Amino acid sequence: MKPMELFDLCMDAIDRFNRGEVFADRPFVMLTIPRASKSVGKTIRLFGKTGPIGDVATAHRREDGGLDVVAYFPAVPIVQTLSRMVGTKVNVRRA
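Residues numbered from 1 in each chain as written. Predicted model: local features only at pLDDT ≥ 70, side-chain atom pairs only at ≥ 80, totals over all residues. Heavy atoms only, no water.

Asker: How would you explain the pattern of salt bridges if you had to name every residue and give the values?
Answerer: A complete count under the given rule lists 6 salt bridges for this structure. Close ionic contact of Arg 62 with Asp 68 constitutes a salt bridge, the shortest N to O distance being 3.2 Å. Exposure remark for Asp 68: the relative accessible area of 25% places this residue in the partly exposed category. Here the salt bridges share partners, and the residues they tie into one network are Asp 12, Arg 16, Arg 19 and Glu 21. (Salt bridge = Lys/Arg side-chain N within 4 Å of Asp/Glu carboxyl O. Buried < 20%, exposed > 50% of the residue type's maximum accessible area, 1.4 Å probe, protein only.)

Asker: Please provide a residue-by-residue account of the pairing of strand E4 (residues 67-74), values included.
Answerer: Here E4 lies mainly inside the structure; 6 of its 8 residues are buried. Of the pairings in the sheet, the one linking strand E3 (residues 50-61) to E4 comprises 6 bridges and is antiparallel in character. Each residue of the ladder has a partner; that of Arg 61, found in E4, is Leu 67. Linking E3 back to E4 in an antiparallel pair, the connection comprises 5 residues, with Gly 65 at a positive phi of about 95°. (Helix = DSSP H or I, 4+ residues; strand = E, 2+ residues; numbered from the N terminus. Pairing = 2+ DSSP bridges.)

Asker: Would you mind going over the packing of helix H1 (residues 3-18) against helix H2 (residues 75-86) in detail, with residue names and values included?
Answerer: Geometry of a packed helix pair, given as the angle between the helix axes and the separation of the axes. One way to put it is that H1 packs onto H2 with a least axis distance of 9 Å and a crossing angle of 140°. With respect to H2, the element H1 is oriented oblique. Here H1 runs over H2; the crossing is left-handed. Contact residues: H1 offers Pro 3, Leu 6, Phe 7, Cys 10, Met 11, Ala 13 and Ile 14, while H2 offers Ala 75, Val 76, Ile 78, Val 79 and Leu 82. Taken together, the residues of the contact of H1 with H2 break down into 12 nonpolar, no polar and no charged. (Axes fitted to C-alpha atoms, helices over the stretch in contact; angles between N-to-C directions. Parallel < 35°, antiparallel > 145°, perpendicular 65-115°, else oblique. Left-handed = near helix turned anticlockwise from the far one by under 90°. Contact = heavy atoms within 4.5 Å. Nonpolar A, V, L, I, M, F, W, Y, C, P; charged D, E, K, R; others polar.)

Structure, rendered in structure tokens:
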């Protein structure tokens, strides 16, 4: 997934949360993160050793020995991180 696609996905999650379509305590996105490691804990970082922290839902072993980790990530920190990476300022507020 390209950074702008991830940004759009997170903004959509925030919009749905603000409209009351999502019954959760915060807007989130569910992502599958490929990892080369052989194990996984309860949390995972989006960009390897940096980025927002997500809660692991499950992990599936790939044929090459790596893992595809499915995790829930908060949408707001992802938007903030991506906007800093591209040099733009985005104000995200809860409605």
